[in-house]
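Spelled out from the first residue to the last, the chains are:
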Amino acid sequence: MTTTSGGQVRRLRLPAALLTAALIATPALAAPAFAAPSALQTVTADATGVDPGTEPEPVPAPDSAPAAAPVTGESLQQVAVSGVDPEAAESKESREEATALTPPNLSDTEASVPAKDRSDAAIEPDPGDDDQLAALSDERTTEEFTAAGLTWTPDANDEVIEAAVRVREDGTWSDWTSLEVLNPGSEGEGTQAGTEPLLSLGADGIQARVLTASGQTPENLKVNLVAAGTSATDGTLKAATSTATATATSAEGAALKPSVITRAQWGATESQANTTTRRSAKLQAMYVHHTASSNKYTEAEAFQQIRGIYDYHTKVLKWDDLGYQFIVDRFGNIYEGRRGSMTDLVVGAQAGGYNANTIGVSAMGNFDEVEPPKATIEALTRLLAWKGYQYNLNVTGTTTLTTSTAGPSTARYKNGVAVTVPVILGHRNTNLTACPGQYLYSKLGSIRTEVSRRIAKTTATYGTARPVLKAPVAGGDYSGDSPVSRDGKIKLSWKPVSSATKYQVMVRSLSDSRIWWAGKTVTGTSADVTLVPGETAIFGIRARDDAGRASATTRLVQSTRPEAPIVSRNYTRWTTAGLNLRQAADADSARLLTIPAGTKITVTATSGNWSRTTYSGKTGWVSASYLSAAAAPSAKRYRYTSMSTRLLKSASSGAARVVSVSKGEKVQLLKTSGSWSNVKLGSKTGWVKTSKLSAAAPKGVQYRYATVGTRLLKSASSGAAKVTSLPKRKKVQMVKTGNGWSNVKLGSKTGWVKSSKLSSTAPRSR
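Everything quoted here is computed from the prediction, not taken from an experiment.

Asker: In this structure, what is going on with the overall build of the protein chain? I would like to understand it.
Answerer: Within the protein chain, the secondary structure is distributed over eight helices and 46 strands. Taken over 766 residues, the protein chain has a buried fraction of 54%. Of the contacts formed within the protein chain by residues at least 6 apart in sequence, a portion of 74% connects residues at least 24 apart. Summing over all exposed atoms, the protein chain offers an accessible surface of approximately 31,000 Å²; the carbon and sulfur share of this is 49%.

What follows is the structure, encoded as structure tokens:
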């Protein structure tokens, strides 16, 4: 049991930036344009219809298969985790290191990319370090669940360095498993910070642990438990034989099209999916993943685990659909994943930073532990051969992908870096993960060879694969661009395509040629589109049929609507993200500098969605989409005790003691009231005199004295092994403190002791 998109990773960063607005702004660290152009919402059409006189070409009938019986028992449990449970923190099992799949050795791909272009590694996690331990729940009994993961509100000033869980199955607690931390800044991956799920065959207990760079608990930290439910048809429905394969042709790669278990068969609740309008401009590469789940599931449990992944991706992470385009199991079954993947290049969420122009197929099982079954390899081969043939890929060759992220991510390379990779590749080739496991990864070479052999044999028999529908031909004068539209209104027109029953307007930005945004469909051969002031867009058209198949997109026209008039202003705003100050009110204009997030600025003029301001002596324009009328919440503040004192239950010298605090302890300042400060020390909260706190950390070497005879322990836990005895009144050197424990040095030995057993004052002579 491990994570669904390819395993546990030790060195990952918490995403720090949210999605950008396409065509409007490009904040710092957020170059990709992930939001839909506004023109998608302003498509209208006339009713000219399709020319009936054109002779249609034959179209294979769509495949059909029985749907699943109703699913019962689906549920989502969400449990808040507020900090470190004191009793759990004392448990040796709670401090054990999490199982983490070892990242692979440097591949040829990584070795060929300069070190400066690779993503930085984060802090190495240590669950025994109180300065990292941000959250630890107790061992909690739950209803049975299929998938479990963590979510939280991202903090640009902090870093989640590990998120781990352990579960109880059949009365036995598992080891800790480190979950893959997801970056919400890649195309297709929404805005929710969290982890990929751990899959189970029926766990009924969970414990969660989070380590951060600061040791502070992430806001809104939750454990999310998904029960996928059961259906009477789980594992019993077989994919209907592909009618396309039965009447083999080169159209849409039909000669190699395998039978596929549909979404309706495995029980997808379609109301949960709001499938992206993003479409890849072409197919360049095909990713192979593993779900890193149990290797002993039944066919019925395979259906349930796919629903578990789907429910987790849509209900918990708020993705628009299941991340993978396809899934295969150990019995050789192929399942339809993300909606539309059978007939279209729908952008998925399977490889953060590389989701455009790629598809992903995930094999169910943990192939870092066992060899993949022959049936799994055969299913992968059939699926990859079909798509490789359909899109005329050189499956034994290489291609170049450009990293596309908006902030820290699981990508091995920085945003904008071009990386040469195999056309059929493992998730680990481009991302910080061991997916698809060492044993499946080692099979990719032979899989490529066999896929190539099947494509070559099919091509020799049926010829090169071709689309069923021809691309439309422009009907207007689009020999050159229409660079300016004063009112933003443009009429698109094209000639009819035989066998097409509808046409779809497509839009893309200037900055990202990889993705077309699918707009509204029309039955005629013309459509009206409208640009907002300051927007530039490229419009295209593609033909579609009733089976959902689409032609290539024909580029029709590029146009810009002039900016709105500049209006003088004088008001204050705060930046909600790192913002590029640009020379003009244009996303493609030269960048003058970057204004940090949370900066107070004065807006002196506006033009459409742009605001003019001056920062560090330079005047320019920023996107108003990333400005707020309210200041962001203040960053966390810390203080240090200037003397030994007590944390009290209320702001009164006569209040009950919460815990003793040694001199030099670091505490989080929550608020002040008169001469008192409300502070947090580890999981304890209380009041202390403000005069006993200092904003500056203690300088120089500090010493403490044992107030009682005690033991020096190997870790900050009462159950830890003894290093040596610490006699009463013995002087020790302070190293660090955290959560009521002090790390000290006695001679050549170093260990931990309760802070309450130390004093900053030397004992009096007897």
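Asker: Any chance you could explain helix 6 (residues 374-390) here in plain terms?
Answerer: Residues that lie three or four places apart on an α-helix share one face, since the helix turns once every 3.6 residues. For helix 6, which comprises 17 residues, the first-to-last C-alpha distance of 24 Å matches the rise-based estimate of 24 Å (1.5 Å per residue) to within 8%. Along helix 6, 13 of the 17 residues are buried, which leaves the element largely enclosed by surrounding structure. The first or second residue beyond helix 6 is Asn392, which carries a positive phi of 55°.

Asker: Explanation requested: the sheet that holds strand 16 (residues 358-363) in the structure shown.
Answerer: Within a sheet, neighbouring strands are paired by backbone hydrogen bonds and run either parallel or antiparallel to one another. What the five strands build is an open sheet, ordered 15-14-16-13-19; its pairing is mixed. The sheet is open, and its two borders are formed by strand 15 (334-336) and strand 19 (424-426), each paired with just one other strand. Strand-to-strand twist of the sheet, defined as the mean angle between neighbouring strand axes without regard to direction, takes the value 25°. Pairing geometry for strand 14 (residues 326-328) and strand 15, over three bridges, is antiparallel. If you follow Ile327 over to strand 15, its bridge partner there is Tyr335. Where helix 8 (residues 444-462) meets the sheet, its contacts fall on strand 13 (285-290) and strand 19, and the angle it forms with strand 19 comes to roughly 160°.

Asker: I'm lost on the sheet that holds strand 24 (residues 536-544) in this one. Help?
Answerer: Taken in spatial order, the five strands line up as 12-22-21-24-25 in an open sheet, and their pairing is antiparallel. Of all strands in the sheet, those with a lone pairing partner are strand 12 (278-280) and strand 25 (554-560), marking the two edges. This sheet shows a mean twist of 35° between the axes of neighbouring strands, independent of strand direction. Bridging between strand 21 (residues 502-508) and strand 22 (residues 515-522) involves four bridges; their strand directions are antiparallel. Looking across to strand 22, one finds that Val507 is bridged to Trp517.

Asker: Help me understand the environment of Leu693 in this model?
Answerer: Mapped onto the fold, Leu693 is located in strand 39 (residues 693-694). Through-space distance from the C-alpha of Leu693 to that of Thr645 is 9.9 Å; in sequence the pair is 48 residues apart. Apart from the residues lying within four places of it in its own chain, the contact partners of Leu693 are Arg639, Tyr640, Thr641, Ser642, Val667, Ser677, Val679 and Val688.

Asker: Sorry if this is basic, but what is going on with the pairing of strand 38 (residues 684-689) here?
Answerer: Consecutive residues of a regular strand have side chains that alternate between opposite faces of the sheet. Direction of pairing for strand 37 (residues 676-681) relative to strand 38: antiparallel, over a ladder of six bridges. Pairing of Ser677 across the sheet is with Val688, part of strand 38. Here strand 37 folds back onto strand 38, and the loop between the two strands holds two residues, one of which, Gly682, carries a positive phi near 65°.

Asker: Would you explain the pattern of salt bridges in this entry?
Answerer: It is possible for side chains bearing opposite charge to pair when their charged atoms get close. In the structure shown here, the tally under the stated rule is 25 salt bridges. Lys736 is the partner of Asp129 in a salt bridge, and the nearest nitrogen-oxygen pair spans 3.4 Å. With Asp129 in the loop between helix 2 (108-111) and strand 3 (133-136) and Lys736 in strand 43 (residues 731-738), this pair connects stretches of sequence that are 607 residues apart. The partly exposed category is assigned to Lys736, whose relative accessible area is 28%.

Asker: Would you mind going over the environment of Ala624 with me for this structure?
Answerer: Looking at the element boundaries, Ala624 is found in the loop between strand 31 (618-623) and strand 32 (627-628). On a C-alpha basis, the gap between Ala624 and Trp610 in space is 5.2 Å, while along the polypeptide they are 14 residues apart.

Asker: Would you mind showing me how to read the confidence of the model for the protein chain here?
Answerer: Any residue range with low pLDDT should be treated as having predicted coordinates unsuitable for detailed reading. A residue-level look at the protein chain finds 86% of positions with pLDDT of 70 or above and a mean pLDDT of 83. Contacts of residues 1-33 to residues separated by more than four positions or lying in other chains number 170 contacts, the stretch itself having pLDDT below 50.

Asker: Quick question: what am I supposed to make of the packing of aromatic side chains here?
Answerer: Each aromatic ring pair is characterised by the separation of its centres together with the angle its planes make. All chains considered together, the criterion is met by five aromatic pairs. Centroid distance Trp266 to Tyr310: 5.5 Å. Interplanar angle 80°. Geometry classified as edge-to-face. In this pair, Trp266 sits in helix 4 (residues 263-266) while Tyr310 sits in helix 5 (residues 299-316), placing the two residues 44 residues apart along the sequence. A relative accessible area of 0% places Trp266 in the buried class. Among the residues examined, Tyr310 registers a relative accessible area of 1% and is labelled buried. For the cation-ring pair, Lys387 lies above Trp386, with the distance from its terminal atom to the ring centre recorded as 4.0 Å. Taking the ring centre of Trp516 as reference, the NZ or CZ of Arg508 above it sits at 5.5 Å.

Asker: I would appreciate a short explanation of the environment of Arg711 in the present structure.
Answerer: Relative to the assigned elements, Arg711 resides in strand 41 (residues 710-713). Taking the C-alpha atoms as reference, Arg711 lies 6.1 Å from Thr724; in sequence the two are 13 residues apart. Beyond its immediate stretch of four places on either side in the chain, Arg711 contacts Ser718, Lys722, Thr724, Leu726, Trp752 and Val753.

Asker: How should unusual backbone geometry be read in this particular structure?
Answerer: Most peptide bonds adopt trans geometry, and most residues besides glycine take a negative phi value. The omega angle of the peptide bond from Cys435 to Pro436 is 10°, so this bond is cis rather than trans. Along the polypeptide, Pro436 turns up in the loop between strand 19 and helix 7 (438-441). Positive phi outside glycine occurs at Arg729, with the angle close to 75°. Looking at the element boundaries, Arg729 is found in the loop between strand 42 (722-726) and strand 43.

Asker: So what exactly am I meant to see when it comes to helix 5 here?
Answerer: An ideal rise of 1.5 Å per residue puts 26 Å on 18 residues; helix 5 measures up with 25 Å between its terminal C-alpha atoms. Helix 5 sits mainly inside the fold: 14 of its 18 residues count as buried.

Asker: Quick question: what am I supposed to make of the side chain of Ser200 here?
Answerer: Positionally, Ser200 belongs in strand 10 (residues 198-212). Here Ser200 falls in the buried class, since its relative accessible area comes to 2%. One polar contact links Ser200 to Glu169, side chain to side chain, over a distance of 2.5 Å.

Asker: Looking at this structure, how should I read the nonpolar core?
Answerer: One broad trend across soluble globular proteins is that nonpolar side chains are buried collectively. Counting residues in each nonpolar core, the largest one holds 33 residues, and the members touching the most others are Met286, Val288, Val361, Leu384 and Val451. Looking at this core, the elements that each hand over two or more residues are strand 13, strand 14, strand 16, helix 6 and helix 8. When residues of this core are assigned to their parent elements, the largest contribution, eight residues, is made by helix 6. Ignoring any residue separated from it by four or fewer positions in sequence, one finds Val361 in contact with Tyr287, Val288, His289, Phe326, Ile327, Val328, Leu380, Leu383 and Leu384. With 24 residues, the next largest nonpolar core counts Ile261, Ala268, Tyr297 and Ile306 among its residues.

Asker: Would you mind going over the packing of helix 6 against helix 8 with me for this structure?
Answerer: Any two packed helices are characterised by the angle at which their axes cross and by the distance between the axes. In the contact formed by helix 6 and helix 8, the axes pass within 9 Å of each other and the chain directions differ by 45°. Considering the angle they form, helix 6 stands oblique to helix 8. The two elements helix 6 and helix 8 meet at a crossing, and its hand is right-handed. Judged by residue contacts, Ile377, Glu378, Leu380, Thr381, Arg382, Leu384, Ala385, Gly388 and Tyr389 of helix 6 engage Ile447, Glu450, Val451, Arg454, Ile455, Thr458, Thr459 and Tyr462 from helix 8.

Each value, and the rule that gives it
The written sequence of each chain sets the order in which its residues are numbered from 1. Local features are withheld for residues below a pLDDT of 70 in this predicted model, meaning they are given only at 70 or higher, and side-chain atom pairs are given and counted only at 80 or more; totals for whole chains, interfaces and linings count all residues. Just so you know, side-chain values use all the structure's heavy atoms and leave hydrogens and water out. Secondary structure elements follow DSSP: runs of H or I no shorter than four residues count as helices, runs of E no shorter than two count as strands, and numbering proceeds from the N terminus. Think of it in three bands: with a 1.4 Å probe and only protein chains considered, a residue is buried below 20% of the maximum accessible area for its type, exposed above 50%, and partly exposed in between. Contacts are assigned to residue pairs that have any heavy atoms within 4.5 Å of one another. Each accessible area is a Shrake-Rupley result for a 1.4 Å probe, and residues are judged covered by the shown protein chains and nothing else. Here, expected helix span is obtained from the residue count minus one, scaled by 1.5 Å. Whether two strands pair depends on DSSP finding at least two bridges between them. Every axis in this analysis is a line fitted to C-alpha atoms, fitted for helices over the stretch in contact. Angles between the N-to-C directions lie between 0 and 180 degrees. Take a side-chain nitrogen of Lys or Arg and a carboxyl oxygen of Asp or Glu: if they are within 4 Å of each other, that pair is a salt bridge. pLDDT measures how confident the predictor is about each residue, on a scale from 0 to 100. Each Phe, Tyr or Trp ring, with Trp reduced to its six-membered ring, pairs with another whose centre is within 6.5 Å; inter-plane angles below 30 degrees give stacked pairs, above 60 give edge-to-face pairs, and intermediate values give tilted ones. Placement of a positive charge over a ring is assigned whenever Lys NZ or Arg CZ falls within 6 Å of the ring centre and within 35 degrees of the normal to the ring plane. For this analysis, a polar contact is any N or O atom pair within 3.5 Å, provided that within protein one partner can donate a hydrogen and the other can accept it, and provided that sequence-adjacent residues contribute only side-chain to side-chain pairs. The definition of a nonpolar core used throughout is a set of buried Ala, Val, Leu, Ile, Met, Phe, Trp, Tyr and Cys residues joined through side-chain atoms within 4.5 Å. If an angle is under 35 degrees, it is roughly parallel; if it is over 145, roughly antiparallel; if it lies from 65 to 115, roughly perpendicular; otherwise it is oblique. Helix crossings are classified by the rotation of the near helix relative to the far one: an anticlockwise turn of less than a right angle makes the crossing left-handed, while a clockwise turn makes it right-handed.

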